[in-house]
Structures are given as structure tokens and as C-alpha cells.
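# Observations on chain architecture
What follows is each chain in one-letter form.
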Amino acid sequence: VPDLPSSGAEVQLAARPEGEPRPEDFRVVQSELHEPSAGQILVRNSWMSIDPSARLRMHEAVSSYLPAFALDEALQGWAVGEVVSSEAERFAVGDQVLHQKGWRRYALLDTDQPPPVGPERIETDEAIPAKTYLGPLSWVGLTSYAGLLYVGELRDGDVVFVSGAAGAVGSLAVQIAKLRGHRVIGSAGSAAKVAFVRDELGADAAFSYRDGPVGELLAELAPDGIDFYFDNVGGDHLEAALAALRPHGRIALCGAISTYNDEVKPPGPSNLFEAVAKGLTLRGFLSRMYAERMAHFRREMRGWLAADRIVYPETVFTGLERAPEALIAQLRGENLGKVLVELD
Ligand SMILES: NC(=O)c1ccc[n+]([C@@H]2O[C@H](COP(=O)([O-])OP(=O)(O)OC[C@H]3O[C@@H](n4cnc5c(N)ncnc54)[C@H](OP(=O)(O)O)[C@@H]3O)[C@@H](O)[C@H]2O)c1
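The paragraphs below set out a description of the structure included in this document. Computed from a predicted model, the values in this text were never measured in an experiment. (Residues numbered from 1 in each chain as written. Predicted model: local features only at pLDDT ≥ 70, side-chain atom pairs only at ≥ 80, totals over all residues. Heavy atoms only, no water.)

Within the chain, the regular secondary structure consists of 9 helices and 15 strands. Since a compact globule built from 344 residues should have a radius of gyration of about 20 Å, the 20 Å found for the chain is in line with a globular shape. Expressed along its principal axes, the backbone C-alpha trace of the chain runs to roughly 65 × 45 × 35 Å. The burial tally for the chain puts 53% of its 344 residues in the buried class. Within the chain, counting contacts between residues at least 6 apart in sequence, those at least 24 apart form 68% of the total. Carbon and sulfur atoms form 49% of the exposed surface of the chain, whose accessible area is close to 15,200 Å². Across the chain, the centroid of the 33 positively charged side chains sits 4 Å from that of the 48 negatively charged ones. (Helix = DSSP H or I, 4+ residues; strand = E, 2+ residues; numbered from the N terminus. Rg over C-alpha atoms; globule rule 2.2 N^0.38 Å. Buried < 20%, exposed > 50% of the residue type's maximum accessible area, 1.4 Å probe, protein only. Contact = heavy atoms within 4.5 Å. Areas by Shrake-Rupley, 256 points an atom, 1.4 Å probe, with all protein chains shown as cover. Lys, Arg positive; Asp, Glu negative; His and termini not counted. Charge placed at Lys NZ, Arg CZ, Asp CG, Glu CD.)

Here the focus is the packing of aromatic side chains. Applying the stated criterion across every chain yields a total of 11 aromatic pairs. Measuring from centroid to centroid gives 6.0 Å for Tyr145 and Tyr150, while their planes differ by 80 degrees, and the two rings are edge-to-face. Judged on exposure class, the residue Tyr145 and its partner Tyr150 are both buried. Judged by centre distance (5.9 Å) and plane angle (25 degrees), the rings of Phe161 and Phe207 are stacked. (Phe/Tyr/Trp six-rings, centres within 6.5 Å; stacked < 30°, edge-to-face > 60°.)

So, on to helix H3 (residues 168–179). End to end, H3 covers 17 Å across 12 residues, agreeing with the expected 16 Å (1.5 Å per residue, within 8%). Buried residues dominate H3, accounting for 10 of its 12 residues. Phi for Gly181, located one or two positions after H3, is positive at around 85 degrees. (Expected span 1.5 Å × (residues − 1).)

Our focus in this paragraph is the environment of Pro247. With respect to the element layout, Pro247 can be found in strand S12 (residues 245–253). For the pair formed by Pro247 and Ala277, sequence separation is 30 residues and the distance between their alpha carbons is 8.2 Å.

Close approach of charged atoms allows side chains with opposite charge to pair. Tallied over the full model, the rule gives 17 salt bridges. A salt bridge links Asp72 to Arg27, with the shortest nitrogen-to-oxygen separation between them at 2.9 Å. Of this pair, Asp72 sits in the loop between helix H1 (53–56) and strand S4 (79–86) while Arg27 sits in strand S2 (residues 26–32); the two residues are 45 residues apart in sequence, bridging distant segments of the chain. Residue classification places Asp72 among the partly exposed positions, given a relative accessible area of 43%. Where Lys131 meets Glu314, a salt bridge forms, and the shortest distance between an N and an O atom there is 2.9 Å. Of the two residues, Lys131 sits in the loop between strand S7 (120–121) and helix H2 (139–151) while Glu314 sits in strand S14 (residues 314–318), which places them 183 residues apart along the sequence. (Salt bridge = Lys/Arg side-chain N within 4 Å of Asp/Glu carboxyl O.)

To continue, consider the pairing of S12. When strand S11 (residues 226–231) meets S12, the two strands line up parallel, connected through 5 bridges. In the sheet register, Asp231 faces S12, and the bridge partner there is Leu253. Handedness of the crossover joining S11 and S12 through helix H6 (residues 235–244): right-handed. Of the strand pairs in this sheet, S12 and strand S13 (residues 281–284) are connected by 4 bridges, and their pairing is parallel. (Pairing = 2+ DSSP bridges. Right-handed = clockwise from strand over helix to strand, strands pointing away.)

This next bit is on the site of the ligand. In the vicinity of the ligand, 25 residues are found, and the nearest of them are Val169, Lys193, Tyr209, Tyr260 and Asn335. In the model, an oxygen atom of the ligand is placed 2.4 Å from a nitrogen or oxygen of the Tyr209 side chain. In the environment of the ligand, an oxygen atom lies 2.9 Å from a nitrogen or oxygen atom belonging to the backbone of Asn232. Coverage of the ligand by the protein chains reaches 89% of its 910 Å² of free accessible surface. At the level of elements, H3 and helix H9 (323–332) are the ones that each hand at least two residues to the shell around the ligand. Residue composition of the shell around the ligand, by class: 13 nonpolar, 11 polar and 1 charged. (Near = heavy atom within 4 Å. Polar contact = N/O pair within 3.5 Å; in protein donor to acceptor, adjacent residues only side chain to side chain. Nonpolar A, V, L, I, M, F, W, Y, C, P; charged D, E, K, R; others polar.)

So, about helix H5 (residues 214–221). Along H5, the residues classified as buried are Val214, Leu217 and Leu218. All buried residues of H5 lie within an arc of 95 degrees about the axis, which places them on one face of the element. Residues of H5 that are exposed and point over 90 degrees away from its buried face: Glu216 and Glu220. Looking at the buried positions of H5, the neighbouring elements they touch are strand S8 (159–162), strand S9 (183–188), strand S10 (205–208) and H6. (Arc of directions from axis to C-beta.)

Time to look at the packing of H2 against H3. Two numbers describe how H2 lies on H3: the axes approach to 8 Å, and their chain directions differ by 45 degrees. By the criterion of interaxial angle, the relationship of H2 to H3 is oblique. Regarding H2 and H3, the two cross each other, and that crossing is right-handed. Residues Val140, Gly141, Thr143, Ser144, Tyr145 and Leu148 of H2 form the contact with H3, whose participating residues are Ala168, Val169, Leu172, Ala173, Ile176 and Ala177. A breakdown of the residues in the contact of H2 with H3 according to their chemical character gives 9 nonpolar, 3 polar and no charged. (Axes fitted to C-alpha atoms, helices over the stretch in contact; angles between N-to-C directions. Parallel < 35°, antiparallel > 145°, perpendicular 65-115°, else oblique. Left-handed = near helix turned anticlockwise from the far one by under 90°.)

Here is the structure:
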């Protein structure tokens, strides 16, 4: 390809953060670009997703299922972009693709594995631009859907509690649960977010966890208890939900953002015995475990989007060099909805 640049910017992990990440923990460098070899494509990224799991992967050891980022290498995360050079049969120059090598301007991708490991060609148009595949049609979207329906096995009449309710996963979870007719209680970190969760997302009730002990705030809004908890936060939220759940209630363990900056993880909930006494089910999951449900989920979500039944606010940072700032802001709760970085 004649007009391909010889290098492209990428954001590397310069140091493992202690506590909250600082801008100095990242570095933007120009890296040499290589032409694709057989089976590879080169993609010019246009948008990337910022996900709290990026902070988890900056720790030296997280889980072999979520490998740590290497120092002095580009971080990774969801991105969309256009194929600018292809040596792979299934991809042509000009195709829009969704893949996991964000945090860089150009991504060289192997195509031998199916999504979500390998890149996925996506259909875009005016109503559904490529970045929608980082939002409602994304793996984050599937996380909300699968967490409620497959992990939580939501049943008619269940009272649902969602933490992180103004964020990407939580805001979709609140709305999907409402579309299915549930009473939904949400929690978030400010009065403005609480108003958004109630007034824009349609939750029946919401509270700010900064206003007092989570257990007390939840008990006020759910005096008769809850049946299902969608856990994005862990810590005190998880303890509060264990206390509020009714017999045979369920928890979908989606994330525990309140602990991601901690070097030494706090011990588990002090009241786990509630699970014994009430016969509760706590089930963890990653969206990729439900990959075979993606097509079904997207069909349903496309229907909701076409009918204007889902809102999905975005907090956008412009420029690859602002990606670290975007992650820091997300961990501080400065975002509403999905955090995205626009690369051009
Ligand atoms: N299992 C999976 O496959 C999967 C996939 C995607 C995401 N996740 C998990 O889902 C959760 C939400 O991810 P997301 O992408 O939707 O991010 P997000 O909710 O859009 O952004 C993170 C939010 O977490 C809240 N937060 C930060 N520190 C907190 C604390 N100490 N206590 C309570 N809330 C805190 C902040 O909002 P406030 O202002 O409300 O504090 C912040 O806006 C994360 O735990 C993430 O790891 C899991």
C-alpha cells in the first residue's frame, strides 16, 4: 500500500500504577508499522473503548483468564477501525472491523481465530455507526444482557438491583430489566447520576452510595428485599445485596470496580453466610462465555435501538493521547455511560 505511514502512535504501560493510575504510568510512542503477512490485516482504528478491566490488567497478576499487560508494550482493549491493507481472504480494504487491539492508531491483526479473539467484520450505516459496536451492540452490551438473562436467569416479577447503574454495563442492564417489566433499583456515585438513572433510564428508584451506608440506602428503597443483584462494584455493595436478597435470590458477579485500584484485595463479604442461610446463587461470568448468544442479543438490541427504547450516553475523549486520562476519569466516576476515545 503506497501511502501507508511507516510508524503509528500507541499508548504503552510505562509503570505499574500503585493505587489510582497517574499520567506518568503511560507513555505514547511511535512504533514501526509492518505490512500484513499472510492471514493478517492492518486496521486504522477510529474509535476505542475504555474499560475498567484495563486497570485490573495493570496489576502484575490478575487471573490467567485475564492476562496482565506487559510493561513497555501497548495496552489492549476494544476498538473499531477500517481495513487499510489485507492479506486475509475474508477481509477487504475498506471493511469496518471490531477487534481487541485498541490503544494504538494502527493495529496489525491475525484473522485465523473467530471473534472475540479474532477481528469481526461489522455492518455499519448512518443509524448504526461503527462506534455502536463499542456501545449497545458491543461485548459490553452482551455483558448486560447475558448477566441478566443467562447468568441471573431473571424471572417474571423479580425485583432487580443494579450497581454502577449510570455506567456502560449498568445503564443497559437497568433498561433491559425495565423492558422486561421488572422493578429496578439502581445505585451510582452522584445526585446527577441518580437523577439520570431514574429519569432517563427509567429505574423505579435509585440512590447515591455517597449518601450513607449502602445497606441502609438499599433497604429504604427495597423494604421487602430484592431477588436479583447485578454486581458491577463488589465491596460494600455486594454485602448490602447479600443482606437484601430474598431466599433463593441470585447475584451475577460482573465486576468489582471498587477494588480495582487496590494492591491488596480486601477480604470477601463478611456476611457471605447469608448465601448459605438463604440458598443464594452467586455466579461470575465474562461476556465471552456467552459468545454464541451474541447474534441473538444483537438482533434484540437492534430492535430496541430502532424503536428508540434504549438510551446510551457516551463520554468522549478526542485523541489517542487522551486515552490514559479517559481511563483515570472512568475509575473516578467522571463518566456517564460508555467511555470512548475518538482517534480522528
Ligand atoms: N464480566 C464481564 O464480561 C465484564 C465486561 C465489561 C465490564 N465488566 C465490569 O462491569 C463493571 C462496569 O464496567 P463499565 O465498562 O460499564 O464501566 P462504567 O460503569 O461505565 O464506569 C465505571 C464506573 O464505576 C463507578 N465506580 C468507580 N469506582 C467506584 C467505587 N469505588 N464504588 C462504586 N462505583 C465505582 C463509577 O461510577 P460512579 O460515579 O457511580 O461511582 C464509574 O463511572 C466493571 O466492574 C467492569 O469491570 C465486566
